[in-house]
Amino acid sequence: MASAVIPNLSADGYTRFNDDTINLRRAVVSDRDGHDIDSRMDVSAAAEEQDLPNMIGSQSSLDHEYVTDGVSGEVRVLSDPKDVGKSWETNYHEAAIFLEEGANNEKFDSHPSDPKAVPAYLLVHNNWYYGLDLFTSSLLLILALGEDPAVTALKLPVAAHSIMEIAALITIAGELFLKLRWIGWRTILRHKRTAIKCLTLVVMFFEALVVLIRRSSHFRVTRAFRPIFLIDTRSFGAVRRFIRQILQSMPPILDMMGLLFFFVSTFALLGFFLFSEDPHNPNFSTLTSSFVSMFVLLTTANFPDVMMPAYSRSTWYALFFISYLCIVLYVLMNLMLAVVYETFTRVERDKFRKLLLHKRQACRLAFRLLVSKQNPTNLRFRQFEGLMHYYAPNKSPLDVLLMFHYLDQSGTGALSQDDFFRVYDAVTLTWEPQFAHIPWFHTAWPPLQNVLQKTHDLVHWKHFELVIYVLIICNGIAMVSRIGQDYNNLQEAARAFAASWDTILFLAIFVLEALLKVLGMGLSRYFSSGWNVYDFTVTLAALLGVLLNYMFPRLTCIVVLRPLRLLRLFKMKKRYRDVFGTVVLLSPLMSSALMVILVLYYFFAIIGMELFAGYNLKNCCNGTPVEDFYRWSANTTSSGGYYYLNNFENIAVSFVTLFELMVVNNWFIVMNAYAVVVHPSSRLYFMLFYLLTSVVLTIVVASVLEAFRFRIQYKRQTTKREEEKMLHEELHLKWEEISRLLRDQHLLDTLRPHLVVGGTSTFIGCRPRNREVLQNRMYRAEIEEWMNEAAAAEKSNQNGNQQLAHEVDAEHVVITESDSIVLGVDREDTILRRLTHR
């Protein structure tokens, strides 16, 4: 029997099949002898009255009036209300996954096509599994503390850490196995990150088995790849995006590094021919040492030491080193920063555009799963509420209602696809009743209300903040006077500075300030301000510091708590406010950058422990230029003789050593020591670490510059009034309209305390003041253009799919005798062409 497969080809990489199946209530197919060989069952009246899903998620079914059981694979008529409910729940869950993938910029090609894979698919995409994946991935990294070479206090038996590692790897393998149920090996092999994860998993699993069998550790450099599992978790989506941004910025960095190494090599060659014959200058004795010396000079860590032997011979040799530093350090390095900044700015804007369009595509795919068969162009509140149950489970029923009403700009009680495109914006809004800005004490006892009203007026007095600033300055003067006095010991000085009468006086004033603001503004409004949270925290810490000083006089470090109050003075100047605002905008990016640096540290720490653990650096380098830094004696060790502590004996010490290398001050001393003790080629490890950390830090600097420039431009283009309008939305809910919309008495009873029955309730929605919201304001003209282009592309793609379907109907459908369906006495030539899904 012939059938036509008509794929819905879309640009998102996620192939769905056409839903235009022909639904006939009576169809009789006869063979040549007149016997019935096939018939389609009538859909029961109960099923017709139900709200049937227009598309049943990832399940493959012949018609959407039929449902395929996700466990048994049985196909049955979608007439049982339980089947309808299960189908809707599947759609809600998958639609939420689409929205999550859109927000995380994940591809849409990992959804199942086999109905039997749906349970495994939904199992992996839930918060419990996300938490388990994060826990096991973190456990793998933490095991490095107890594995040889281990931190002494945390050392574990070989069998213990091997079993824990194998258990964690099996758990991660379970996720990959479940993924195989719906995407198959071919998709995994095409997905680079997943392919690397699978390969690393297999290698590490067999290595852990070998360790468990032998009961001893061996050379395991593959442990350095453990962060792959952590980065692949759902919680580290922002880190993956930052790594992707680093990779996108790499081409100009590599170009500039090529030019940089050309000059380093050229000057190294010139230095070898100029200074190699000097027996007192070991820095240029060979081409290798000459290159290493010039590479270190690039970081200025060995300047002017590397210059002085040549400078002692002739002062003209200083031109060699000065010209080198001017070219590579002040020109090329700064030029590389400029190139990276330009690339980062372009990548950042392009990333915003792609993420915006990717979210639009996610909304379009989710919308198709949320509309009903009876009304495939509009989304009802019931389906929207089901979506939010999975996508935003922390939202209350009132929040869901307000989001739906905010999206329903036409006021029809249903959402079109264009309305649904703004669902990400709706989820970010936090709602509160309009009367929330009325003083919190408006229903209090009248005499108390009068007192609180005066307190409210006081804290909102235009000179109140000025008075507080004057008190903070006086507090600073008191601290300076305390520092200038002489004391008998540190404990007495700490008591005078952190627990004296003036400290207690100003602390009491700041406690009073916090109390007045809480009484005048209310707790919620008081803690809604970041500066108020900071003041409250500092005040509480200072109060705790006074108590600790009296209880533990030797705890002198608490003196740091008192000066923290002075930070608030920086709020007075606009430039500092811009700096703090930039820090707030950068906090998510800085968190991602910090995680990338920690991952880089972990990678090099594991390799460093495998290569260099066990080497004793005490008195290691006699007869070399770094001899003095490692000369150690129990009684006469000099201040420079403690460099033997910069080693790789465990992962904690390795992190400290790597940080010292990243700072690059005297980093070559550690490098040269291991070159003497281990092998000269070990310098490659330290040089590679410097280059990679330089790349990451350069991109971090570029991101700071770009964020600061973005905020300054935003401030220049946006007034305070425009910003307030952008960050707030006002909604009016009429009880009659809500009653008609919901048709759910239980839900209405739940919402009744929050709404005005028979009247209108007004709510204010607040957006977070983050980078994405500000970008929507800055790029509003470009966003409109991008959206129009996307809509035109979707329309063109839809027309192309219709043309393809027409061509398949005309050319590729073979009508056999058994396909002839008699629909009436005079219509025997009417043909039903069966359209099947893949």
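By the naming in an unreviewed UniProt entry, the protein chain goes by Two pore calcium channel protein 1 and is assigned to Frankliniella occidentalis. Here the protein chain is described in UniProt, under the heading Subcellular location (unreviewed entry), as follows: "Membrane".

**Student:** Looking at this structure, I do not really get the overall build of the protein chain. What am I missing?
**Tutor:** The helix and strand inventory of the protein chain stands at 30 helices and 9 strands. Buried residues in the protein chain amount to 45% of all 838 residues. Long-range contacts, defined here as pairs at least 24 residues apart, represent 73% of the contacts in the protein chain between residues at least 6 apart. Total accessible area on the protein chain stands at roughly 43000 Å², and carbon and sulfur atoms take up 62% of it.

**Student:** In this structure, what is going on with the environment of Glu 89? I would like to understand it.
**Tutor:** If you trace the backbone, Glu 89 turns up in helix 2 (residues 81-103). With 301 residues separating them along the chain, Glu 89 and Tyr 390 place their C-alpha atoms 9.4 Å apart. Looking at Glu 89, its side chain comes within polar contact range of the side chain of Tyr 390, at 2.7 Å.

**Student:** What exactly am I supposed to notice about the side chain of Arg 240 here?
**Tutor:** Within the secondary structure layout, Arg 240 lies in helix 8 (residues 237-275). For Arg 240, a relative accessible area of 8% puts it in the buried group. Non-local contacts of Arg 240, meaning those with residues more than four positions away in its chain, are made with Glu 106, Arg 193, Ile 231, Asp 232, Thr 233 and Arg 234.

**Student:** Would you explain the packing of helix 8 against helix 11 (residues 318-370) in this entry?
**Tutor:** Think of two packed helices as two axes; the pair is described by the angle between the axes and how far apart they sit. At a minimum axis separation of 8 Å, helix 8 and helix 11 run at an interaxial angle of 170 degrees. Compared by their axis directions, helix 8 and helix 11 come out roughly antiparallel. The residue makeup of the contact of helix 8 with helix 11, split by class, is 25 nonpolar, 6 polar and 2 charged.

**Student:** Looking at this structure, I do not really get the sheet that holds strand 7 (residues 430-433). What am I missing?
**Tutor:** By way of backbone hydrogen bonds, the strands of a sheet pair with one another, either parallel or antiparallel. Taking strand neighbours across the sheet as the criterion, the 3 strands line up as 7-9-8 in an open arrangement whose pairing is antiparallel. Unpaired on one side and paired on the other, strand 7 and strand 8 (728-734) mark the two borders of the sheet. On average, each strand axis in the sheet is tilted by 30 degrees relative to the strand beside it, whichever way the strands run. Pairing between strand 8 and strand 9 (residues 760-766): 7 bridges, direction antiparallel. From the neighbouring strand, Glu 729 faces strand 9, where its bridge partner is Gly 765. Sheet strands touched by helix 13 (residues 397-407): strand 7, strand 8 and strand 9. Its angle to strand 8, the strand with the most contacts, is close to 100 degrees.

**Student:** Even after reading the chapter, I still don't get the pattern of salt bridges, so can you show me in this structure?
**Tutor:** Any two side chains of opposite charge can pair, on the condition that their charged atoms come close. Applying the stated rule across the entire model yields 27 salt bridges. For Arg 220, the salt bridge goes to Glu 165, with nearest N and O atoms at 2.7 Å. Here Arg 220, found in the loop between helix 6 (192-214) and helix 7 (227-231), pairs with Glu 165, found in helix 5 (residues 158-190); they are 55 residues apart in sequence, far enough to count as distant. Overall, Arg 220 belongs to the buried group, its relative accessible area being 3%. The class for Glu 165 is buried, based on a relative accessible area of 1%. With its nearest N and O atoms 3.4 Å apart, the salt bridge here joins Arg 752 to Asp 749. Look at Asp 749 and you get partly exposed, because its relative accessible area is 38%. One salt-bridge network, held together by shared partners, links Glu 147, Glu 165, Glu 207, Arg 220, Arg 223, Arg 226 and Glu 610.

**Student:** Can you help me understand a nonpolar patch on the surface in this one?
**Tutor:** On the surface, Leu 523, Phe 527, Val 533, Phe 536, Leu 540, Leu 543, Leu 547, Met 551, Phe 552 and Leu 555 cluster together into a nonpolar patch covering about 900 Å² of accessible area. Looking at which element gives the most residues to the nonpolar patch, the answer is helix 21 (residues 530-551), with 6 residues. The residue Leu 523 is located in helix 20 (residues 523-526) in this model. Classification of Leu 523 by relative accessible area gives exposed; the value is 54%.

**Student:** Please explain the packing of helix 23 (residues 651-663) against helix 25 (residues 683-717) as it appears in this structure.
**Tutor:** Look at helix 23 against helix 25: their axes get within 9 Å of each other, and the N-to-C directions meet at 70 degrees. By the angle between their directions, the pair helix 23 and helix 25 is classed as roughly perpendicular. In this structure, helix 23 meets helix 25 at a crossing whose hand is right-handed. Within the contact between the two elements, helix 23 uses Leu 658, Leu 661 and Met 662 and helix 25 uses Tyr 685, Phe 686, Phe 689, Thr 693 and Leu 697. In terms of residue class, the contact of helix 23 with helix 25 is made up of 7 nonpolar, 1 polar and no charged.

**Student:** For this particular structure, what's the right way to read the nonpolar core?
**Tutor:** Soluble globular proteins: nonpolar side chains tend toward being buried together. Formed by 84 residues in total, the largest nonpolar core has its most connected members in Met 294, Phe 321, Tyr 324, Tyr 630, Leu 658, Trp 667 and Phe 686. Only helix 8, helix 9 (287-298), helix 11, helix 22 (574-612), helix 23, helix 24 (667-677) and helix 25 provide two or more residues apiece to this core. Those residues within four positions of Tyr 324 in sequence are excluded, and the remaining contacts are Phe 263, Val 264, Phe 267, Met 294, Phe 295, Leu 297, Leu 298 and Leu 329. Ranked by size, the runner-up nonpolar core spans 51 residues in total, among them Leu 99, Phe 108, Leu 402 and Val 427.

**Student:** What exactly am I supposed to notice about the packing of aromatic side chains here?
**Tutor:** Each aromatic ring pair is described using two quantities: the centre-to-centre distance and the angle formed by the ring planes. Applying the stated criterion across every chain, the model contains 45 aromatic pairs. Judged by centre distance (5.5 Å) and plane angle (80 degrees), the rings of Phe 262 and Phe 263 are edge-to-face. Overall, the relative accessible area of 23% leaves Phe 263 in the partly exposed class. Arranged with centres 6.2 Å apart and planes meeting at 70 degrees, the rings of Tyr 630 and Tyr 643 form a pair that is edge-to-face. Here Tyr 630 is found in the loop between helix 22 and helix 23, whereas its partner Tyr 643 is found in the loop between helix 22 and helix 23, with 13 residues between them in sequence. Of the residues examined, Tyr 630 reaches a relative accessible area of 0% and is grouped as buried. What makes Tyr 643 buried here is its relative accessible area of 18%. Here a set of aromatic residues connected by ring pairs shows up, and it is made of Phe 225, Tyr 601, Phe 603, Phe 604, Phe 612, Phe 648, Phe 655, Tyr 674, Tyr 685, Phe 686 and Phe 689. Its end group placed over the ring of Tyr 424, Lys 359 keeps NZ or CZ at 5.0 Å from the ring centre.

**Student:** Is there a simple way to explain the side chain of Asn 650 in this structure?
**Tutor:** Secondary-structure assignment places Asn 650 in the loop between helix 22 and helix 23. Relative accessible area serves as the criterion here: at 7%, Asn 650 is assigned to the buried category. The contacts of Asn 650, once residues within four sequence positions are left out, are Pro 149, Ala 150, Val 151 and Met 609.

About the cut-offs
Residues numbered from 1 in each chain as written. Predicted model: local features only at pLDDT ≥ 70, side-chain atom pairs only at ≥ 80, totals over all residues. Heavy atoms only, no water. UniProt positions renumbered as here; feature names shortened; annotations may be inferred. Helix = DSSP H or I, 4+ residues; strand = E, 2+ residues; numbered from the N terminus. Buried < 20%, exposed > 50% of the residue type's maximum accessible area, 1.4 Å probe, protein only. Contact = heavy atoms within 4.5 Å. Areas by Shrake-Rupley, 256 points an atom, 1.4 Å probe, with all protein chains shown as cover. Polar contact = N/O pair within 3.5 Å; in protein donor to acceptor, adjacent residues only side chain to side chain. Axes fitted to C-alpha atoms, helices over the stretch in contact; angles between N-to-C directions. Parallel < 35°, antiparallel > 145°, perpendicular 65-115°, else oblique. Nonpolar A, V, L, I, M, F, W, Y, C, P; charged D, E, K, R; others polar. Pairing = 2+ DSSP bridges. Salt bridge = Lys/Arg side-chain N within 4 Å of Asp/Glu carboxyl O. Patch = residues over 30% accessible without salt bridge, like charges linked within 9 Å, V, L, I, M, F, W, Y side chains within 5 Å. Left-handed = near helix turned anticlockwise from the far one by under 90°. Core = buried A, V, L, I, M, F, W, Y, C linked by side-chain atoms within 4.5 Å. Phe/Tyr/Trp six-rings, centres within 6.5 Å; stacked < 30°, edge-to-face > 60°. Lys NZ or Arg CZ within 6 Å of the ring centre and 35° of its normal.

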